[in-house]
Amino acid sequence: MRTYPYILLLFWVGQPYPTFSSPLSKRTSDFPAKRRALELSANSRNELSRSKRSWMWNQFFLLEEYTGSDYQYVGKLHSDQDRGDGSLKYILSGDGAGDLFIINENTGDIQATKRLDREEKPVYILRAQAVNRRTGRPVEPESEFIIKIHDINDNEPIFTKDVYTATVPEMADVGTFVVQVTATDADDPTYGNSAKVVYSILQGQPYFSVESETGIIKTALLNMDRENREQYQVVIQAKDMGGQMGGLSGTTTVNITLTDVNDNPPRFPQSTYQFKTPESSPPGTPIGRIKASDADVGENAEIEYSITDGEGQDMFDVITDQETQEGIITVKKLLDFEKKKVYTLKVEASNPHVEPRFLYLGPFKDSATVRIVVDDVDEPPVFSKLAYILQIREDAQINTTIGSVSAQDPDAARNPVKYSVDRHTDMDRIFNIDSGNGSIFTSKLLDRETLLWHNITVIATEINNPKQSSRVPLYIKVLDVNDNAPEFAEFYETFVCEKAKADQLIQTLHAVDKDDPYSGHQFSFSLAPEAASGSNFTVQDNKDNTAGILTRKNGYNRHEMSTYLLPVVISDNDYPVQSSTGTVTIRVCACDHHGNMQSCHAEALIHPTGLSTGALVAILLCIVILLGKLLLPASYLPLVRGTHCYCDTLDFSASPIKAYSLI
């Protein structure tokens, strides 16, 4: 009868019963297929299960954290070819073989040499084989099996943080979320309750509570006030085994801070404040500070101050110091001790950021009374006006009184005042002032056309205290008097064509006047009396402050008369009437049929012995004009700028001519 070899493997798994699972291994060698059997036994021996091509292995459990003094027995490996003569040797390989797990090569007993920790490695995969001791050749194919470390509750829950920090608004409703804590347990969550964590609160009641399954911390007490207590330290415990007795536990600390909400109105520590300020304080001067206290913090403690009532509302102001949250009382308008010595204000302090849900606690504002006393100071004289404007005619005589200024000491003493002119503003000493009554009078003659406005400064000084003085501007306007005659706006030199017709316009005249009459200028133009009769030209007044020069006959002969000097009288209509006479130079010229000038010189005859008399006169006239341009001052150049000399173009072979005529 044919026999089949087999290996018997026995495991001690630390349980009162064996555990079996589905096949996990296969044959790993090229041995011919044989029937093999594996018998696994704890307290009793089971029947062998045979397989044609592979070993049938189950997974087994081994308790972790073994505390015995000897090696922990795992099981026994045995082959049916082992006859007990020592010819076979058992070999173990795989995870931890030779270190954690050893095998007795003679008997096949397997033992664990060290304490095992499931949290470090939960499963070990090993391979067993029987070999011929002499040849080293396997007598059995190598087979694989699994040792699974059985978990025990040897790890306490550990929180993700040693210390948690959280905040929650004060006065929050019961059940308001604060923070969630989390603890983890390294034990096997799939086996028993070793990793089932339950949370509880050890410290922090009755203010806070924790949900046992989620670790969510919530408020548990109504109306927790930050102003009474701001910091809370809560201790939370996490316990495994579902919180049952014998379970392991860990704790963490949660520091909870109540954040501020605006649940406190500002309050003045006193109902009345009193300050003093001199009457000379300029606008913007701080007088004093007041402060309302607010138990809140941050923007909830911000305060705005305002003046809501009192007789000094228009004289004082209050601003808020954003750094100190104080109200600063300042001067708004100039004070006068002689008019009012004491002011009373009602100042209100309020929160700009108010939470509607706390309005039931009362109005978030408070008020206090501020009393301000004005102190008297020695003040300089005060003029009756901020500025004075006076007028005087330009023909006024010296010592003519223009007007007066007035100033007085505003203090109760009413010290006498003297007046003077600031000579830096009247360097020419045109004006003077009576030091006793403030009358202004002239000390020199005036001319409006030279200076229309005189701006001077008058000083008022207390006689008993010269350090107290004040100044006021004085504007003096010089009124116009008709003391200037009108005159031509420019020097007029024109021409007339030899073939001109009667009543032909050859020039338009304009006039100017340095005076400035109230109703405006009204000039009249006419020929001078000496030229009114027998003149070859007429003057036509246009009644619009202009006049035209017209021809009086048909045709002119430049050989008979080359130049006419026409005197024109210009008068104004003011009182007294002023007039002047201006001369218009008219040259007789040859023109084309369009009236355009071509030549204004006349041909002169030359006597056998030399130049004609007319030529000599013309040359002399040119020389005079040229000398006039060179010698006259620049201000008179416009009078001769339009004059032209044609001496260089005279033809002295022509007949004699007359140089000019006054007509």
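Residues numbered from 1 in each chain as written. Predicted model: local features only at pLDDT ≥ 70, side-chain atom pairs only at ≥ 80, totals over all residues. Heavy atoms only, no water.

Caption draft 1: Expanded view of the overall build of the chain. Along the chain, the regular secondary structure elements total two helices and 45 strands. By the burial criterion, 42% of the 663 residues in the chain qualify as buried. Here the contacts in the chain between residues at least 6 apart in sequence split such that 69% fall between residues at least 24 apart. (Helix = DSSP H or I, 4+ residues; strand = E, 2+ residues; numbered from the N terminus. Buried < 20%, exposed > 50% of the residue type's maximum accessible area, 1.4 Å probe, protein only. Contact = heavy atoms within 4.5 Å.)

Caption draft 2: Looking closely at the pattern of salt bridges. All chains considered together, the criterion is met by 20 salt bridges. Note that E105 and R133 form a salt bridge whose closest N and O atoms lie 3.4 Å from each other. You can see E105 sitting in the loop between β7 (101-103) and β8 (109-112) and its partner R133 sitting in the loop between β9 (123-132) and β10 (143-150), a full 28 residues away along the chain. Judged by its relative accessible area of 35%, E105 is partly exposed. In this structure R133 comes out as partly exposed when scored by relative accessible area, which is 33%. Residues D480 and R448 are paired through a salt bridge, measuring 2.9 Å at the closest nitrogen-oxygen approach. In this pair, D480 is assigned in the loop between β35 (469-479) and β36 (487-488) and R448 in the loop between β33 (439-442) and β34 (453-462), connecting sequence segments 32 residues apart. Note on R448: relative accessible area 12%, which makes it buried. One salt-bridge network, held together by shared partners, links R226, E227, E230 and D260. (Salt bridge = Lys/Arg side-chain N within 4 Å of Asp/Glu carboxyl O.)

Caption draft 3: Layout of the sheet that holds strand β13 (residues 177-180). Reading across from one edge, β13-β17-β16 is the order of the three strands in this open sheet, with antiparallel pairing throughout. Single-partner strands in this sheet number two, and they are β13 and β16 (208-210). Averaged over all adjacent pairs, the angle separating strand axes in this sheet is 25°, with direction ignored. The sheet contact formed by β13 and strand β17 (residues 216-219) spans three bridges and is antiparallel. Bridge pairing links Q180 to I216 in β17. (Pairing = 2+ DSSP bridges. Axes fitted to C-alpha atoms, helices over the stretch in contact; angles between N-to-C directions.)

Caption draft 4: Up close: the side chain of D422. Inspection of the secondary structure puts D422 in the loop between β31 (417-421) and β32 (431-433). Sequence-distant contacts of D422, that is, excluding residues within four places in its chain, are made with T457, I459 and R471.

Caption draft 5: How the structure looks around the state of the cysteines. Throughout the structure, instances matching the rule amount to two disulfides. The disulfide partner of C497 is C591, and the S-S distance across this bridge is 2.1 Å. Looking along the S-S bond of the C497-C591 disulfide, the torsion reads about -90°, which is the left-handed sense. Here C497, found in strand β37 (residues 493-497), pairs with C591, found in strand β43 (residues 579-591); they are 94 residues apart in sequence, far enough to count as distant. The class for C497 is buried, based on a relative accessible area of 12%. (Disulfide = S-S within 2.5 Å.)

Caption draft 6: Representation of unusual backbone geometry in the model. The residue after Q205, namely P206, is reached through a cis peptide bond having omega 5°. Structurally, P206 is set in the loop between β15 (198-203) and β16. Cis geometry marks the peptide bond from Y575 to P576, where omega comes out at -10°. As for its position among the elements, P576 is in the loop between β42 (563-571) and β43. A positive phi is found at R429, a non-glycine position, where the angle reads about 55°.

Caption draft 7: Representation of the packing of aromatic side chains within the structure. Tallied over the full model, the rule gives twelve aromatic pairs. Between F159 and Y199 the ring centres are 6.1 Å apart and the planes differ by 50°, which places this aromatic pair in the tilted class. With F159 in strand β11 (residues 158-159) and Y199 in strand β15, this residue pair connects regions lying 40 residues apart in the sequence. Under the relative-accessibility criterion, F159 is labelled buried at 7%. When the ring of F537 is compared with that of Y564, the centres are 5.4 Å apart and the planes differ by 75°; the resulting orientation is edge-to-face. Of the two residues, F537 sits in strand β40 (residues 537-541) while Y564 sits in strand β42, which places them 27 residues apart along the sequence. (Phe/Tyr/Trp six-rings, centres within 6.5 Å; stacked < 30°, edge-to-face > 60°.)

Caption draft 8: Geometry of the nonpolar core. If you look at the biggest cluster of nonpolar residues, it comprises 24 residues, and the most contacted ones within it are F268, I290, Y305, F316, V347, V370 and I372. Aside from chain neighbours lying at most four places away, what touches V347 is F268, I290, Y305, S306, I307, I329, D366, S367, A368 and V370. (Core = buried A, V, L, I, M, F, W, Y, C linked by side-chain atoms within 4.5 Å.)

Caption draft 9: The arrangement of the pairing of β35 in detail. Burial along β35 is one-sided: S470, V472, L474, I476 and V478 are buried, and none of S469, R471, P473, Y475, K477 and L479, which face the opposite way, are. Here strand β28 (residues 388-393) runs beside β35; their pairing, made up of six bridges, is parallel. Paired with I392 across the bridge in β35 is V478. Strand direction decides the pairing type here: β34 and β35, joined by nine bridges, are antiparallel. When the bridges of β35 are listed, N455 appears paired with Y475. Remark: six residues form the turn of the hairpin made by β34 and β35, two consecutive strands paired antiparallel.

Caption draft 10: Representation of the sheet that holds β28. Spatially, four strands are ordered β28-β35-β34-β31 in an open sheet, and the strand pairing comes out mixed. Edge positions in the open sheet fall to β28 and β31, since each of these has one partner strand only. Ignoring which end each strand starts from, the neighbouring axes of this sheet average 30° apart. Sheet topology places β31 next to β34; five bridges connect them, and they run antiparallel. Paired with S420 across the bridge in β34 is I459.

Caption draft 11: Geometry of the side chain of T252. Among the secondary structure elements, T252 is positioned in strand β19 (residues 249-259). Looking at T252, its side chain comes within polar contact range of the main-chain oxygen of K161, at 3.0 Å. (Polar contact = N/O pair within 3.5 Å; in protein donor to acceptor, adjacent residues only side chain to side chain.)

Caption draft 12: Structural detail: the pairing of strand β26 (residues 365-375). Bridge count between strand β20 (residues 272-278) and β26: seven bridges; the pairing is parallel. Looking across to β26, one finds that T277 is bridged to V374. For strand β25 (residues 342-350) and β26, the ladder comprises nine bridges, and the chain directions are antiparallel. Within β26, the residue paired with S350 across the bridge is K365.

Caption draft 13: Structural view of a nonpolar patch on the surface. Together, I389, L452, W453 and Y475 give the surface a local cluster of nonpolar side chains, amounting to about 370 Å² of exposed area. Relative to the helices and strands, L452 resides in the loop between β33 and β34. Of the residues examined, L452 reaches a relative accessible area of 34% and is grouped as partly exposed. (Patch = residues over 30% accessible without salt bridge, like charges linked within 9 Å, V, L, I, M, F, W, Y side chains within 5 Å. Areas by Shrake-Rupley, 256 points an atom, 1.4 Å probe, with all protein chains shown as cover.)

Caption draft 14: Quick look at the environment of P266. Within the element layout of this structure, P266 appears in the loop between β19 and β20. Given a relative accessible area of 0%, P266 falls into the buried group. C-alpha separation for the pair P266 and P363, spaced 97 residues apart in sequence, amounts to 9.4 Å. Dropping the residues within four chain positions of it, P266 is found in contact with A292, S293, D294, I303, A349, S350, N351, F364, K365 and D366.

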